[in-house]
Structures are given as structure tokens and as C-alpha cells.
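# Structural description and commentary
Now for the letters of each chain:
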Amino acid sequence: MRFALVQAGFQVLSDTELGVPGLRVTEVSAGALVSWTASDEFASLARERSGCPSSDDSMRVIVKVAVSGLLLRLGHSVAEPAADGDLLVLADAISAPDGSDR
């Protein structure tokens, strides 16, 4: 799954890159949680360009739709947990039939 996100052009962060903007994939009991953090510079530029304080929310929705669309096309089951902008990829769809991570 991480490889597919990288191939699609997303910057997927490692567990050691705390506080760095980009996509983060974290293992949870139900599967994997995919979250996205915009850089301060990007959020500021988005607000400046649109004149709207909620531009970061709009971009978060765009990223969420792009990531979930890609993962659904690859056969993953995707759900939205309560956290804003995060996606939950259910465990039953994370491993390929051969047991490897897609």
C-alpha cells in the first residue's frame, strides 16, 4: 500500500519523521490509518490565495478523495474514522493474496 501511494506521487513519511508534512501510514488494530498533514507554508499560501481560512480543509478533502480513490482501485477496503481527514484501510484488504503488503 505504501509503495502504491509513493508510485502515485504522494510523499509517504516513515515513523521517524514526526512533525513533517506529508502522508503518514500508521498500523492500528483494525488495519492502517492514513493521515495527511500540510506544511505551514502550504496552508498559509492556500489561505492567502483563496482569501478563505478553510482552504486547508478543502485541500484535506481533495487529498482524502485522491488517496481513497487510489486505494479503492487497488482493492482495499477504506473507511473514514472519526478523526478529520484520516482514512482507515481495513486489515482484511491490506495484504495481497501472497501475504505481502500491496
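Computed from a predicted structure; not experimentally measured. (Residues numbered from 1 in each chain as written. Predicted model: local features only at pLDDT ≥ 70, side-chain atom pairs only at ≥ 80, totals over all residues. Heavy atoms only, no water.)

## Focus on the overall build of the chain
Scanning the chain from N- to C-terminus turns up three helices and five strands. The order of α-helices and β-strands along the chain, N terminus first, is α-β-β-β-α-α-β-β. Taken across its 102 residues, the chain has 34% of its residues classed as buried. Long-range contacts, defined here as pairs at least 24 residues apart, represent 39% of the contacts in the chain between residues at least 6 apart. For the chain, the accessible area works out to roughly 6200 Å², and carbon and sulfur atoms hold 55% of it. (Helix = DSSP H or I, 4+ residues; strand = E, 2+ residues; numbered from the N terminus. Buried < 20%, exposed > 50% of the residue type's maximum accessible area, 1.4 Å probe, protein only. Contact = heavy atoms within 4.5 Å. Areas by Shrake-Rupley, 256 points an atom, 1.4 Å probe, with all protein chains shown as cover.)

## Some details on the nonpolar core
Within the largest apolar cluster, 14 residues are counted, with the highest numbers of intra-cluster contacts made by L5, L23, V25, V34 and V67. Ignoring sequence-local partners within four residues, the contact set of L5 consists of F10, V12, L23, V25, V67, L70 and L71. (Core = buried A, V, L, I, M, F, W, Y, C linked by side-chain atoms within 4.5 Å.)

## Things to note about the sheet that holds strand β4 (residues 78–79)
As summarised here, the arrangement of the five strands in space is β1-β2-β3-β5-β4, forming an open sheet in which the pairing is mixed. Among the strands making up the open sheet, the edge pair consists of β1 (12–13) and β4. The pairing of strand β3 (residues 31–37) with strand β5 (residues 87–90) spans four bridges and is classified as antiparallel. What sits directly across from L33, in β5, is L88. (Pairing = 2+ DSSP bridges.)

## Observations concerning the confidence of the model for the chain
Parts of the prediction with low pLDDT should not have their coordinates interpreted in detail. Counting all residues, the mean pLDDT for the chain is 78, and 72% of those residues have values of 70 or more. Counting contacts from residues 95–102, a segment whose pLDDT is below 50, to residues more than four positions away or on other chains yields 14 contacts. (pLDDT = per-residue confidence, 0-100.)

## Concerning the environment of V89
Topologically, V89 is positioned in strand β5. Separated by 21 residues in sequence, V89 and S68 place their C-alpha atoms 8.9 Å apart.

## Examining the pairing of β5
One ladder, built from two bridges, connects β4 with β5; its direction is antiparallel. The partner of V78 across the bridge, within β5, is V89.

## Remarks on the pairing of β3
Burial of β3 is extensive: five of the seven residues sit out of reach of the surface. In terms of strand pairing, strand β2 (residues 22–28) meets β3 through seven bridges, oriented antiparallel. Its bridge partner being in β3, V25 is matched across the sheet by V34. Count of turn residues in the β2/β3 antiparallel hairpin: two residues.

## Observations concerning the environment of G19
Relative to the assigned elements, G19 resides in the loop between β1 and β2. The exposed category is assigned to G19, whose relative accessible area is 79%. In sequence terms G19 and T37 are 18 residues apart; their C-alpha atoms lie 8.6 Å from each other.

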